[in-house]
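# Coordinates in review
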Amino acid sequence: MPNRMIAALVAVAVAIGLGWWWRARSRSPGSAAPATSAAGRDGAGRGAATHEPTTASIAGTITDLGGQPIRDARVCASVIREGAIFETTDLPRCTTTDTAGRYQLAELVPDRHTVTASAATYLPTAWGPAGEDGAVTLAPGEHRAGIDLALRPGGVALRGTVEDVSGGPIVGAVVSARHRGGGTSSTDADGRFVLWTRPGTTAITAWAEGYADGGAEAVAPSSSLRVFLTPASSLAGVVLTAEDRRPVADAEVSTRDDVEGTWTTTRTDAQGRFRLARLSPGRYKPTASATGRFGMAPASTLLGLGQQVDGLEILVGLAFQVTGAVVIADTGAPCPRARVKLADGTAHLGATVTSDAAGRVVFPALQPGHYRVQVNCPGFTSEAPYPAIDVVDADVGGHTWTVAAGARLRGTVATASGAPVEEAAVMVYAVKRTAGGIGGQHATTTAADGSFAVTGLGAGTYAVAVMVDGRFPPKPVPTVEVPAGGDASIDVRLAATGEIAGAVVDTSGQPVRGATVQATSAAGPGGSRAITDDDGGFVLLGVEPGVRRVTATRGELLRKPGPTGDDRPGESVTVVAGQRATVRLEVEAEAGTIAGVVVDEHQRPVADAWLSAARESDAPDAVPGAALRSARWSFDDGRRPVVSDQDGGFRLEQLAPGRYTIRAFRKGGGEAASEHVAVGTRDARLAIAAPGAISGTVVATRGQLPARLTLTVTDAGTGFERQEIFFGTGGAFALLDLPAGSYTLVATGTGARGETTVELAAGAHAQHVTIELAVNTRVTGRFVDLDTDAPIAGLKATVVPLTGGDEVMALLNPSADDGTDVSGADGRWAVANVAPAVAYLWSLPVGGAGPWRSAASVVDARVTTDVGDVPVVRRRTQPGQEPGTLGLDFVEDPPGADPRARVLRIRRVAPGQPAAKAGLKADDVVVAIDGHDVRGARALLAAPLLEVPPGTTIELTLEPTRTVALTAVAAP
């Protein structure tokens, strides 16, 4: 794992959580459970519902702030799916107001809806107070009047087109901004739309009949946004009982788009048949559940562009119900709309459901497991913790989860000058809980006066993280003490910041539109992101004072004209609080092209291949294959995706000078890559070899084989990685459509892990592969101060295997129920259920940064159960302080390298910086920093040891025995 990742993960943990919520809140509202439904264009239905309910309607008036009616305002209702499930994705149902500003929306699904309104020159608005649900709940046949909205001036026009990914406009597409109360529009006969929205960076989503959903980011106002949609694919089949193959009616079938992270869900008909529609090209593995039944497709299915696949069978075996109720302790009244989550973290099982009006909760299909319980009743605090639920071989019922009136936290968010901040995202989370509360995250947004309120808190210490227009939270994050059952308040005053305005242009003077601009320093991002407008202009708001490096990215970092891969991109800018700095970024012109053809293993043209290109480094010590691995990732850079035509031909455009690794992959299976392709090449040829497969069996060396197994297959050299879940197969697995490669296979299940390697040739099928599961173990140790060997309390230990693990999610996991994974006064800790593998051992401060710098070491959990003393570095900079630089960096390890053999070899030294002045040069090897050994696995200590304020002197010991003193300076 790169040192820079180790240095950054904990620092951005709060920003990650807040950022995920910020992005989630900007999407169309919906249930946390996977669900989709039918919807329609203006006043008309779209798609057929599996169970069409009696419809409802709403009506109201749209006015300005003075009460004057607004004619031709667009009003839309979007269903919040938590009940009925339909075949296709929800679209807003919209209409326009008459001359008196009146509207009526009929034929609405009886469910909860968000209602928004927009009009030319006005800011779009959602019904209900900011920071609250604001949903309109409709019963079957109900008509709700008085859903009135008042619009404020200040909206700007976002103009653009919605186009097919292969070319041509899309008529009648629905386009919506994804922030709260975002405007909505539709495309005309030329695919054009005008969307009235708030100024600044915004994300939009587009839907159209026959297409998968798509989206883009832009800066409003704009007149040239382009959104590309992919012809939709579908997956159909039947759900049958596992024991006698009888069709299962009314089963819920769901599948996940692993790229977008969205779910598509439908229900089976009387014959057990289902169809999952509006899918993007990609790999899918549906699950099916019914009362007392659960199953998963035996293998994943790849869908190509617009491909319709039928004949999939999902066998569902026995599962068990868990029922209960959420009750308010003081009154005995039920809590409707409480969200109850059951999770078995060891087995990776769980589900979340919402209580009905009587507070009743039904989990219809759970697998055997040990489930922890979380309850969130809006406005109330939960017990901490609730007793766990063991599901063994029968239904479990009769549970009552009581909640109590919780504390309320009120607050305001204001700028440094005291001006209220509207629409700021506020996340409140417990850092020290005294009693009650669910201990999770409570999110809201500020009103026009900057105020916010969060209810249902237990007593304890809470952090209040604020994000404004996508900016990172203030540092350090403020905290507040909340008493049991009482009220608390906090006024968050944002630190004084500056702005950076400028433009991105190429060497010919042409503006670069759609580039992402960000200001960074050694301490991380220093302000909001911005997307360049039609003139290449941008404004970065809320930039922390200090020296900042401003860079532009469009798929990859845009370079200055003429530099090599070693030269630093971007420009340095000094930011002063309350002032606006200016900068002009001149980057290489992206005028080059690469053309060629894609063929299959029989040299026949491939018409549905997707093409990507990654620029190769021209640095002499560049890690081989780095561009190949990065070419595997796809980025939304505002340009039309490249798909090969009917003759297999392709043309990659807007390329900067240099050499590229180009990659073609057929979403229906197979891929090809070619390295060192020069810009201007017209005859590149990519031959997609026949894909291969790996199949076999997972066996348990001890104990029972888990019903649910996760298989991760990785080729470190090419960057290929895939993860699939196999359920109820008796250990059998088949990983299909794999390119040739040298693979590591990791299998994990409840309390066990196994690993093997497979060499796979093109088109080959490696059969009868056996993976033996070894039982997980328990690892213990002691955290100590690197300088004094004194024990350290309050650090959470996390162990993550080098292969087949998810580092970020593991780092965000909560502590164990008994708290043994957090070091005590003696510094000792214990982590249960550790996979028997070579793994990173993380030390993470609990409840904030504290004086300790998060770091990692390496443990071989196959042979070690007690790792002894684990050194941790005391933080050398204050939270938010800009670290200095020494003007050197180290050679990166190749993919798959063993961190226990790490060598800190200097890659380069910056001219005029401390390292260069001290005579250091490339290929020098550092073996100690300030007297601390940093060889092998201890090289992971280097990042925290080198993060020091400017003016700090560091002593480096070089191989074999030379010692050099360097004094850090402010980063340029």
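With that out of the way, let us pick up the overall build of the chain. Counting secondary structure elements, the chain contains six helices and 77 strands. Here the chain displays about 40700 Å² of accessible surface, and carbon together with sulfur accounts for 51% of that area.

On to the nonpolar core. Formed by 24 residues in total, the largest nonpolar core has its most connected members in Val 326 and Trp 401. When contributions to this core are tallied by element, the ones reaching two or more residues are strand E26 (320–328), strand E27 (339–344), strand E28 (349–354), strand E29 (360–366), strand E30 (369–376), strand E32 (389–391) and strand E33 (396–405). Per-element tally for this core: the top contributor is E26, with four residues. Residues contacting Trp 401, with those up to four places away along its chain left out, are Gly 324, Ala 325, Val 326, Val 327, Val 340, Val 361, Val 373, Val 375, Tyr 386 and Ile 389.

Below, the discussion takes up the sheet that holds strand E53 (residues 649–655). Reading across the sheet, the three strands line up as E53-E50-E56 and stay open at both edges, with mixed pairing between neighbours. Where the open sheet ends on each side, the last strands, each with one partner, are E53 and strand E56 (684–688). Within this sheet the neighbouring strands show an average axis-to-axis angle of 30°, counted without direction. The pairing of strand E50 (residues 592–600) with E53 spans five bridges and is antiparallel. Its bridge partner being in E53, Gly 592 is matched across the sheet by Leu 655.

What follows covers the packing of aromatic side chains. Applying the stated criterion to the full structure yields four aromatic pairs. Here Lys 285 stacks its cationic end above the ring of Phe 726, 3.4 Å away from the centre of that ring.

The strand order E29-E26-E33-E31 describes an open sheet built from four strands, whose pairing is mixed. Here the strands that pair on one side only, and so sit at the sheet edges, are E29 and strand E31 (380–382). Each strand axis lies, on average, 30° off the axis of its neighbour in the sheet, ignoring direction.

Looking now at the state of the cysteines. Across all of its chains, the model carries two disulfides by this definition. Here Cys 76 is linked by a disulfide to Cys 94, with a sulfur-sulfur distance of 2.0 Å. Sign of the S-S torsion, about 110° for the bond between Cys 76 and Cys 94, identifies this disulfide as right-handed. Of this pair, Cys 76 sits in strand E2 (residues 74–80) while Cys 94 sits in strand E3 (residues 93–96), and the two are 18 residues apart along the sequence. Judged by relative accessible area, Cys 76 falls into the buried class, the value being 1%. Overall, the relative accessible area of 2% leaves Cys 94 in the buried class. In this model Cys 335 forms its disulfide with Cys 377; the gap between the sulfur atoms is 1.9 Å. Taking the sign of the S-S torsion, 105° for the link of Cys 335 and Cys 377, the bridge is right-handed. With a gap of 42 residues between them, Cys 335 in the loop between E26 and E27 and Cys 377 in the loop between E30 and E31 connect regions that are remote in the sequence. In terms of burial, Cys 335 and Cys 377 fall into one category: buried.

The next point concerns the side chain of Arg 663. Considering the arrangement of structural elements, one finds Arg 663 in strand E54 (residues 659–666). Relative accessible area serves as the criterion here: at 6%, Arg 663 is assigned to the buried category. Polar contacts involving the side chain of Arg 663 include one to the side chain of Glu 671, which spans 3.2 Å.

The next thing to look at is the pairing of strand E42 (residues 516–521). Sheet analysis places E42 next to strand E44 (residues 530–531), joined by two bridges and oriented antiparallel. Opposite Thr 516, over in E44, you have Ile 531 as the bridge partner. Sheet topology places E42 next to strand E46 (residues 546–554); five bridges connect them, and they run antiparallel. Paired with Thr 516 across the strands is Thr 553, a residue of E46.

Cut-off values and rules
Residues numbered from 1 in each chain as written. Predicted model: local features only at pLDDT ≥ 70, side-chain atom pairs only at ≥ 80, totals over all residues. Heavy atoms only, no water. Helix = DSSP H or I, 4+ residues; strand = E, 2+ residues; numbered from the N terminus. Areas by Shrake-Rupley, 256 points an atom, 1.4 Å probe, with all protein chains shown as cover. Core = buried A, V, L, I, M, F, W, Y, C linked by side-chain atoms within 4.5 Å. Buried < 20%, exposed > 50% of the residue type's maximum accessible area, 1.4 Å probe, protein only. Contact = heavy atoms within 4.5 Å. Pairing = 2+ DSSP bridges. Axes fitted to C-alpha atoms, helices over the stretch in contact; angles between N-to-C directions. Phe/Tyr/Trp six-rings, centres within 6.5 Å; stacked < 30°, edge-to-face > 60°. Lys NZ or Arg CZ within 6 Å of the ring centre and 35° of its normal. Disulfide = S-S within 2.5 Å. Polar contact = N/O pair within 3.5 Å; in protein donor to acceptor, adjacent residues only side chain to side chain.

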